Structure formats: C-alpha cells, structure tokens
Amino acid sequence: MLCIALCLATLMQAQTVIDLKDGAIRAKTTEDYKEELGIKARAKADSLAYVDHMRRALNALHEDSLDKAALLLQKALKTRPEAPGNYLVHEKLGEIRLAQGRYREAVDHFAETLKQKPDSPNARYGRAVCYYETGSLKAAEDDCNALVDEEKATTPLGRQYRFLRAAIHTKNKYPEKARQDLEDILRADPDNQSAILLLAGILEETGQPKKALEQLNLFVDSHPQNTDGLAARAALLNRMEQYYLAEADYDTLIRLQADNPSLYILRARVKLKLNKREAAQTDLEKAVKLGVPRGEITALLREARK
C-alpha cells in the first residue's frame, strides 16, 4: 500500500499545479507543459551561452585581449548570475582590472569572490595589491596578515605575501616591521633579489647607509649584470657623495642599457659634481638625441656650459 501511495503522490505532483492566487490544486494544462518546457529550454540555452562566453574569454586572455576577455566574462555573469562558479569569474575579472590599473573595479570583483569563497588566496592577494596601490594601507595590511598566517616564509607564496607586506610597512613608515619580513624571506631564500634590494633601502632609511652599501656590494658582486642592483648602488653612492664610484656604476649601466636616456642624465649629474662639465654636456646631448625634451634639462645644460 505504501508503494502505491508513493507512486500516486509522485504522479499527482507531476500532473497538477497549485494556483498561487487562491491556493487551489488543478490539473496541468497543455499551456503549463509548454511553459515548463520553455523554461527548461531557456535554462539549457543559458548554460550553453555561459560556457561559450567563458571559452571565448579564456581564448581572449591567451591572446592578451584583456578588454575583450572582460566583456565576455561580464556577459557570462549576466547570462547565469547564480552560477555556482561565478566566484572564479569575478576573480578573473579582478585580475584583469588589476592588470589594467583599474584598482577600484578590481577590489569590487575580488570582494565578490571573497564573499562567495573567503579562503581564496588569489583574490585576497589581488585585493591587497589594489589597496596598496590606492593608498588604503591598513586594508592592504589586514589582507596580507591573513595570507601570511596561512603561508610560511619557506614557501614561494609565503615569501610573496611577506614581500608585499614589507612594501606596505615601508610605505607606511614602519621600517623595522618591513625589515623583519624581509629578513624572514632571506632566511628562507638568501638570494631573493627583490628582498635584498628593498632591505638595502630600509637600512639606509634607518640611518645605516654603510650597511646598505655592504648589502648592495654583495648583491652586485653576485649579480654583476643586474641593472636594478647597479642602479640602487649608484644612487646610494651618489647620496653618500662617493661620486667617482657612482660614476663607475653608471658607466657599467650605460654599457648594459645604451638606449636608456635617464642613465645619461644621472651620469651627467654625477660628472657635474666632479666638475667634468664637458663630459656632462656630452651625456646631456646624448639624452636629447634619445628623446628627452631639451626643455626638461635646460638647467643642467646651462650648468654644464659654465
């Protein structure tokens, strides 16, 4: 009897409709069946369109067509706003807007991802970067703290999160906190170039220019072709008034990047301090040939001609 009752209940459920106006139960009509089939057909069509938008968006990303990819991802969201995987769509849109420098839009998308999936490290890191770029340093630090709590410095991601937090601390004028993060990175990865260069800057900022120079000397000795290291050391030597050594670093940099006009201007400034006016003028004229408007360096040219 129970089996028969269940079958009848199932049959009634499939062939009856409850009228929402008065609550009455009535048999399904042909129009009801047509409407139901139409809803199913639309749902199927929406699913197919959603998949097509996603496929084309990924192809556009592969071709570096960010605007096209973003448009297709937005179409996917409109097609199926309740799709369970939409947190990934928002995450990808956030990454696109971050790459385009549209930080506030990116934050909105990353926030939507985190609303649906709070444990998404990609979205949290992306949002932290956006907060950093827009000067929302407390919010950036909060996101970084959550990430650092989950990843030790011994992992690549852990070092990445600590480096961003060190940059936040540096911008926030907390050099000791930044130094702690950088030293954690270097204990796990002694050759981390970004951490070494940032740490040298922090050492100088905290009144230890000689230690900063030692750090940069070790770095340049290990990476003689690294232009970031050479540029950092040349700038530090200039600030320490060790002009001959700074000039030597700029000589090396220009050999490595002969078409970089800013290097000729920097070397010219050092040469002027060494009273090498003719050589400084030659560097400045070279910078003009490489595209620097003469009006931007008028004062330096005038000084070189004295």
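Residues numbered from 1 in each chain as written. Predicted model: local features only at pLDDT ≥ 70, side-chain atom pairs only at ≥ 80, totals over all residues. Heavy atoms only, no water.

So, about the nonpolar core. Among the nonpolar cores identified, the biggest contains 41 residues, and L182, Y250, I265, V270, L284, I297 and L300 are the most heavily contacted of them. Those elements that place two or more of their residues in this core are α9 (175-188), α10 (193-205), α11 (209-222), α12 (227-239), α13 (243-256), α14 (261-273), α15 (277-289) and α16 (298-304). In contact with V270, not counting residues within four places along its chain, are N238, Y243, A246, E247 and Y250. A106, V107, A128 and L164 belong to the second largest nonpolar core, which has 16 residues in total. (Core = buried A, V, L, I, M, F, W, Y, C linked by side-chain atoms within 4.5 Å. Buried < 20%, exposed > 50% of the residue type's maximum accessible area, 1.4 Å probe, protein only. Helix = DSSP H or I, 4+ residues; strand = E, 2+ residues; numbered from the N terminus. Contact = heavy atoms within 4.5 Å.)

For helix α8 (residues 156-171), with 16 residues, the first-to-last C-alpha span of 23 Å sits near the 22 Å given by 1.5 Å per residue. Taken as a whole, α8 has its buried residues at G158, R159, Y161, R162, L164, R165, A166, A167, I168, H169 and T170. Buried-residue contacts for α8 involve α6 (121-133), α7 (137-150), α9 and α10. Immediately beyond the C-terminal end of α8, within one or two residues, lies K173, with a positive phi of roughly 65°. (Expected span 1.5 Å × (residues − 1).)

Within the secondary structure, S262 is located in helix α14. The class for S262 is partly exposed, based on a relative accessible area of 38%. Separated by 28 residues in the primary sequence, S262 and L290 have C-alpha atoms spaced 9.4 Å apart. A distance of 2.7 Å separates the side chain of S262 from the side chain of N260, its partner in a polar contact. (Polar contact = N/O pair within 3.5 Å; in protein donor to acceptor, adjacent residues only side chain to side chain.)

Another point: the environment of N226. As for its position among the elements, N226 is in the loop between α11 and α12. Judged by relative accessible area, N226 falls into the buried class, the value being 16%. Expressed as a C-alpha distance, the spacing of N226 and L253, which sit 27 residues apart in the sequence, is 9.0 Å. Looking at N226, its side chain comes within polar contact range of the main-chain nitrogen of D228, at 3.0 Å. At 2.9 Å, the side chain of N226 and the backbone nitrogen of G229 are in polar contact.

It is the contact of α11 with α12, at a shortest axis distance of 10 Å, that shows an interaxial angle of 150°. Classed by the angle they form, the pair α11 and α12 counts as roughly antiparallel. α12 is crossed by α11, and the crossing has left-handed handedness. Residues P209, A212, L213, L216, N217, F219 and V220 of α11 pack against G229, L230, A232, R233, L236 and L237 of α12. Here the residues of the contact of α11 with α12 sort into 10 nonpolar, two polar and one charged. (Axes fitted to C-alpha atoms, helices over the stretch in contact; angles between N-to-C directions. Parallel < 35°, antiparallel > 145°, perpendicular 65-115°, else oblique. Left-handed = near helix turned anticlockwise from the far one by under 90°. Nonpolar A, V, L, I, M, F, W, Y, C, P; charged D, E, K, R; others polar.)

A few words now on unusual backbone geometry. Here the phi dihedral of E241 falls at roughly 65°; this positive angle occurs in a residue that is not glycine. By the element assignment, E241 lies in the loop between α12 and α13.

A word on the packing of α10 against α11. Relative orientation of the contacting elements α10 and α11 amounts to 160°, with a least axis distance of 7 Å. Between α10 and α11, the angle falls in the class roughly antiparallel. For the pair α10 and α11, the sense of crossing is left-handed. Contacts from Q193, I196, L197, L199, A200, L203 and E204 of α10 reach α11 at P209, K211, A212, Q215, L216 and F219. Its residues assigned to classes, the contact of α10 with α11 shows nine nonpolar, two polar and two charged.

A few words on the confidence of the model for the chain. With 85% of its residues at a pLDDT of 70 or more, the chain shows a mean pLDDT of 86. Residue range residues 1-26 is modelled with pLDDT below 50. Its contacts to residues more than four positions away, or to other chains, number 21 contacts. Low pLDDT, under 50, characterises residues 32-39; the predicted model gives this stretch seven contacts beyond four residues in sequence or across chains. (pLDDT = per-residue confidence, 0-100.)

Our next topic: the packing of aromatic side chains. Given two aromatic rings, one states the distance between the centres and the angle between the planes to describe the pair. Counting across every chain of the model gives one aromatic pair. On the numbers, 5.7 Å between centres and 40° between planes, the contact of Y125 with Y161 is tilted. With Y125 in helix α6 and Y161 in helix α8, the pair connects residues that are 36 residues apart, well separated along the chain. Look at Y125 and you get partly exposed, because its relative accessible area is 22%. You can call Y161 buried: its relative accessible area is 2%. One cation-aromatic arrangement involves K171 over Y132; the distance from NZ or CZ to the ring centre is 4.2 Å. In this structure, K177 packs its charged tip against the face of Y174, placed 4.9 Å from the ring centre. (Phe/Tyr/Trp six-rings, centres within 6.5 Å; stacked < 30°, edge-to-face > 60°. Lys NZ or Arg CZ within 6 Å of the ring centre and 35° of its normal.)

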